[in-house]
There are 2 protein chains.
Amino acid sequence: MGGDRGPAAVVAGIQRSAKKNPDIAFILHGPKDKLEPLIRRRKLEDRVKINDVDGVVTMDAKPSVVMRQGKGTSMWEAVESVRKGDAAVAVSCGNTGALMGLSMIRLRKLPGINRPAIACLWPSENPSGFNVMLDVGADVRADATDLLQYALMGASYARNGLGIERPRVGLLNVGTEEYKGRPELKEAADLVEAAASDGGYAYIGFIEGGDIPKSKVDVIVTDGFTGNVALKTGEGTARLIRSFLGDAFRATPLSRIAALLALTSLRRLQKRIDPRRVNGGVFLGLNGTIVKSHGSADSTGVSAAIKLAFRLAQSGFNERLAARVASHSARGQNASQGAGEESEQSE
Amino acid sequence: MGGDRGPAAVVAGIQRSAKKNPDIAFILHGPKDKLEPLIRRRKLEDRVKINDVDGVVTMDAKPSVVMRQGKGTSMWEAVESVRKGDAAVAVSCGNTGALMGLSMIRLRKLPGINRPAIACLWPSENPSGFNVMLDVGADVRADATDLLQYALMGASYARNGLGIERPRVGLLNVGTEEYKGRPELKEAADLVEAAASDGGYAYIGFIEGGDIPKSKVDVIVTDGFTGNVALKTGEGTARLIRSFLGDAFRATPLSRIAALLALTSLRRLQKRIDPRRVNGGVFLGLNGTIVKSHGSADSTGVSAAIKLAFRLAQSGFNERLAARVASHSARGQNASQGAGEESEQSE
């Protein structure tokens with residue numbers, strides 16, 4: 001019910017996904033009198049069950065307030081459906097902070113996780129077409145231990161979500177030299193490097209903003225403030241270039257003819273850089289999977305988020321991630337008891 | 001002498017600028033035996049004076065070491081030429097941290113400035129074609145008072161460099177809601193808002209990464225860590241899209257024909273998003289103007305940095321910036337003596 005475009009965009013997205021994938025069933029949380037006509041108009045009665053609930057978390061609601069008073073809202077119910085096992089995964093276009101807050105109090109954090117994170121997919125030069133970046137906005141702070149946990153979770157996501165057996169993990173910094181950046185990043189570098197074998201990833205060191213879409217890295221680890229700014233800056237740049245591209249092809253009569261001839265090529269490009277097609281931030285570190293769609297997502301965006309949610313639910317990814325984190329925590333305890341005996345850490 | 005491409009790229013850039021603008025004279029710092037042949041080959045003997053100096057600051061040198069032992073390097077001499085008044089402005093493709101360090105110890109900070117900042121131009125939807133962002137890498141930390149000073153300096157830069165009489169200043173955050181983000185940002189928001197009339201700017205509140213290239217803001221204020229990541233992320237995204245654009249037009253024989261016809265349009269776009277054309281970070285807050293070019297700048301990039309340096313030197317911008325900061329500091333002291341009597345602060 002939240003989101004900038006309201007339930008109509010969500011239902012339109014459901015229709016797209018329902019058409020493409022006969023294996024998805026939907027539970028839609030919100031007031032029946034508003035949702036039923038939308039569902040009927042799109043002939044989705046067989047695919048969608050409505051969970052009649054009145055309350056709505058508005059986009060500008062304070063997360064702390066929603067966490068106290070959010071019961072009886074569609075967002076609460078969506079998270080609750082995952083907790084109870086009615087849904088394998090929940091998708092929301094609503095208020096990010098409130099969704100994370102509700103997810104934390106209802107689903108609870110995985111054992112061994114201090115701060116959950118939001119991971120996004122980033123169009124890249126890698127064969128899979130994507131890199132993973134986290135945290136992109138769950139928490140504005142992250143200390144060295146949090147960054148280590150992000151590395152473990154991000155590697156797990158890349159392995160199960162993108163099929164990369166041994167993901168390469170980089171720490172986002174202002175330079176690749178070891179002495180650069182904030183103190184917590186240097187500490188994190190040591191921790192992330194030491195846990196590489198446990199975590200089933202390769203640590204490639206510090207990377208810069210320009211490396212985010214490159215093929216030298218699969219998982220970009222950063223705090224939620226920096227990650228959020230980077231994500232939105234990348235999207236903003238892509239939007240700006242699309243608009244400039246339009247200007248360039250509208251500039252003269254000849255360029256308009258060229259645009260007609262180049263239409264297929266332009267569409268191919270458009271598809272590759274369309275932020276709607278990589279829509280869906282995944283909440284990592286909870287007992288259950290939540291996919292946060294852009295608030296402004298249209299049907300294409302919502303459908304992309306649903307596709308991602310479906311894939312993650314099918315791969316049993318959250319159980320694997322939990323196992324990986326638990327295994328590392330256990331080893332970490334052994335290691336600190338054993339005062340740094342590295343020999344036991346091989347896989 | 002620093003920079004990834006060495007002095008050849010610098011001299012090639014000088015040639016481009018010398019051709020376009022007969023009013024620039026150059027002092028080139030470095031070993032005469034290496035530089036003289038380059039200058040002669042490009043017939044620049046009349047325009048360029050060589051300052052024969054042997055030492056070079058390497059790209060991976062530690063700034064703290066260069067600050068202690070940098071005397072006798074080309075970088076030291078370039079900064080020194082500004083201090084002595086031999087040059088109106090210095091341009092360097094070298095090691096950013098070392099250049100900032102040397103600039104701070106030789107030129108000294110302006111009265112009232114705690115941390116100098118590096119400001120960059122960002123292609124935008126504004127009529128001028130650019131927004132200003134700072135800090136993009138002078139310092140990884142910035143407290144609320146630093147951010148206020150960045151706002152004052154950035155507004156001054158936008159006024160003198162881009163001709164915007166009353167620049168609109170925004171604080172980069174993870175959301176536009178007032179309760180979001182880090183504590184120092186909330187404090188900074190109050191300071192920046194209170195100083196708007198003194199600083200000759202309008203404060204528009206928090207902005208997000210996606211707003212950086214938009215027309216709603218002229219000056220984007222942030223700490224050097226976040227700003228550097230955002231800058232490099234934007235550049236990386238632009239590079240990725242350019243590469244995708246190439247792929248799209250190479251995909252099929254028909255698309256290759258379309259590309260030929262669209263060549264002018266594509267060149268127009270290329271020019272607008274080419275990071276080399278906005279090359280040049282300006283060091284703000286020092287007694288003298290230093291322009292930092294990209295380390296990897298080619299002749300086009302170097303020439304763009306020279307053009308920017310020339311424009312800033314001609315506008316007497318640094319003196320105006322110093323006056324604006326001094327005036328605000330004086331008022332700030334009056335205001336704290338007068339215990340917040342706002343009535344005296346009108347312009």
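From a predicted model like this one, the values you see are computed outputs, not experimental measurements.

1. Brief notes about the overall build of chain A
For chain A, the count of helices and strands is 13 helices and 10 strands. Taken over C-alpha atoms, the radius of gyration comes to 21 Å for chain A, in line with the 20 Å a tight globule of 347 residues would show. With respect to the principal axes defined by its C-alpha atoms, chain A has extents near 65 × 55 × 35 Å. Expressed as a percentage of the 347 residues in chain A, the buried residues total 52%. Pairs at least 24 residues apart make up 69% of the contacts formed inside chain A by residues separated by at least 6 positions.

2. Concerning the packing of helix α6 (residues 144–162) of chain B against helix α7 (residues 183–194) of chain B
All names here are of chain B. Put simply, α6 and α7 touch, their axes get as near as 8 Å, and they point 45° apart. Considering the angle they form, α6 stands oblique to α7. Read as a crossing pair, α6 and α7 show a hand that is right-handed. Along the contact surface, α6 presents A144, T145, L147, L148 and A151, while α7 presents E184, E187, A188, L191 and V192.

3. Quick look at the relation of the copies chain A and chain B
For these two chain copies, the linking operation is a rotation about an axis paired with a shift along it. Mapping chain A onto chain B leaves a residual RMSD of 0.0 Å; the transformation is a rotation of 180° accompanied by 0.0 Å of translation along its axis. In short, the pair behaves as if placed about a two-fold rotation axis. Both copies share a contact surface, since 100% of the interface residues of chain A are interface residues in chain B too.

4. A look at the pairing of strand β2 (residues 48–52) of chain A
For a regular strand, the rule is simple: side chains alternate between the two faces of the sheet. Where strand β1 (residues 26–30) of chain A and β2 of chain A come together, 5 bridges link them in parallel fashion. Opposite H29 of chain A, over in β2 of chain A, you have N51 of chain A as the bridge partner.

5. Considerations on the interface of chain A and chain B
Across the contact, 50 residues belong to chain A and 50 residues belong to chain B. Elements represented by at least two residues in the side of chain A that touches chain B include exactly α9 (224–250), α10 (253–261) and α11 (263–273) of chain A. Counted by class, the side of chain A that touches chain B contains 26 nonpolar, 13 polar and 11 charged residues.

6. Regarding the domain arrangement of chain A
Residues and elements named next belong to chain A. Domain annotation for chain A reports domain 1 (1–113 + 285–315) and domain 2 (120–278). When each unit is reduced to the centre of its C-alpha atoms, the spacing between domain 1 and domain 2 is 25 Å. In this assembly, 12 residues from domain 1 lie in contact with 9 residues from domain 2. Among the secondary structure elements, those contributing two or more residues to the side of domain 1 that touches domain 2 are α5 (96–107) and α12 (299–315). For the side of domain 1 that touches domain 2, the element with the most residues is α12, which contributes 6 residues. Residue classes in the side of domain 1 that touches domain 2 are distributed as 5 nonpolar, 5 polar and 2 charged.

7. Notes on the sheet that holds strand β6 (residues 168–172) of chain A
Residue and element names in this part refer to chain A. Spatially, β3-β10-β9-β4-β5-β8-β6-β7 is the arrangement adopted by the 8 strands of the open sheet, whose pairing is mixed. This sheet does not close on itself; its edge strands, each paired only once, are β3 (90–92) and β7 (202–207). Each neighbouring strand pair of the sheet contributes to a mean axis angle of 25°, computed without reference to strand direction. The strands that helix α7 (residues 183–194) touches are β6, β7 and β8 (219–221); relative to β6, the one it contacts most, it runs at about 170°.

8. Quick notes on the sheet that holds strand β8 (residues 219–221) of chain B
Residues and elements named next belong to chain B. Taken together, 8 strands build an open sheet; the order of strands is β3-β10-β9-β4-β5-β8-β6-β7 and the sheet is mixed. The open sheet has two free edges, formed respectively by β3 (90–92) and β7 (202–207), since each of these has just one partner strand. For this sheet, the mean inter-axis angle between neighbouring strands, taken without regard to orientation, is 25°. Pairing between strand β6 (residues 168–172) and β7: 5 bridges, direction parallel. When the bridges of β7 are listed, G170 appears paired with G205.

9. A word on the nonpolar core
Counting residues in hydrophobic clusters, the biggest one holds 184 residues, and the most contacted among them are A151 of chain A together with A151 of chain B. For A151 of chain A, the contacting residues outside a window of four places in its chain are V169, V192, A195, G199, Y201, V219 and V221 of chain A. Core analysis: the next-biggest nonpolar cluster, separate from the first, contains 22 residues, A248, A258, L266 and L269 of chain A among them.

10. A few points about helix α1 (residues 6–20) of chain B
Residues and elements named next belong to chain B. Between its first and last C-alpha atoms α1 spans 23 Å; for 15 residues at 1.5 Å apiece the expected length is 21 Å, and the two agree. Listed as buried for α1 are P7, A9, V10, V11, G13, I14, Q15, S17 and A18. Those residues of α1 that are buried lie in contact with β1 (26–30), α2 (32–41), β2 (48–52) and α12 (299–315).

11. A word on α5 of chain A
Residues and elements named next belong to chain A. Spanning 12 residues, α5 covers 16 Å between terminal C-alpha atoms, matching the ideal 16 Å at 1.5 Å per step. The buried fraction of α5 is high, at 10 of 12 residues. Restricting attention to buried positions, one finds in α5 the residues T96, G97, A98, L99, M100, G101, L102, S103, R106 and L107. Its buried side turned inward, α5 meets α3 (63–69), α4 (74–83), β3, β9 (281–284) and β10 (290–292). Of the residues one or two after α5, R108 is the one with positive phi, at around 70°.

12. Overview of unusual backbone geometry
All names here are of chain A. Between L134 and the following residue, D135, the backbone shows a cis peptide bond with an omega angle of -5°. You can see D135 is positioned in the loop between β5 (130–134) and α6 (144–162). Here K43, not a glycine, exhibits a phi torsion of approximately 55°, which is positive. Structurally, the position occupied by K43 is in the loop between α2 (32–41) and β2. Overall, K43 belongs to the exposed group, with 10 C-beta atoms counted inside 10 Å.

13. Some thoughts on the environment of K214 of chain B
Residue and element names in this part refer to chain B. Among the structural elements, K214 can be located in the loop between β7 and β8. Considered as a pair, K214 and N131 are 83 residues apart in the sequence and their alpha carbons are 8.2 Å apart. Filtering out sequence-adjacent residues up to four positions away, K214 remains in contact with S124 and E125.

14. Describing the environment of V132 of chain B
You can see V132 of chain B is positioned in strand β5 (residues 130–134). Taking C-alpha positions, V132 of chain B is 9.4 Å from V169 of chain B, a pair spaced 37 residues apart along the chain.

Conventions and cut-offs
- Residues numbered from 1 in each chain as written.
- Chains lettered and ligands numbered in written order.
- Predicted model: local features only at pLDDT ≥ 70, side-chain atom pairs only at ≥ 80, totals over all residues.
- Helix = DSSP H or I, 4+ residues; strand = E, 2+ residues; numbered from the N terminus.
- Rg over C-alpha atoms; globule rule 2.2 N^0.38 Å.
- Buried ≥ 20, exposed ≤ 12 C-beta atoms within 10 Å, placed from the backbone.
- Contact = placed C-beta atoms within 7 Å.
- Axes fitted to C-alpha atoms, helices over the stretch in contact; angles between N-to-C directions.
- Parallel < 35°, antiparallel > 145°, perpendicular 65-115°, else oblique.
- Left-handed = near helix turned anticlockwise from the far one by under 90°.
- Least-squares fit on C-alpha atoms with pLDDT ≥ 70 in both.
- Pairing = 2+ DSSP bridges.
- Nonpolar A, V, L, I, M, F, W, Y, C, P; charged D, E, K, R; others polar.
- Domains from an automatic or database assignment.
- Core = buried A, V, L, I, M, F, W, Y, C linked by C-beta atoms within 7 Å.
- Expected span 1.5 Å × (residues − 1).

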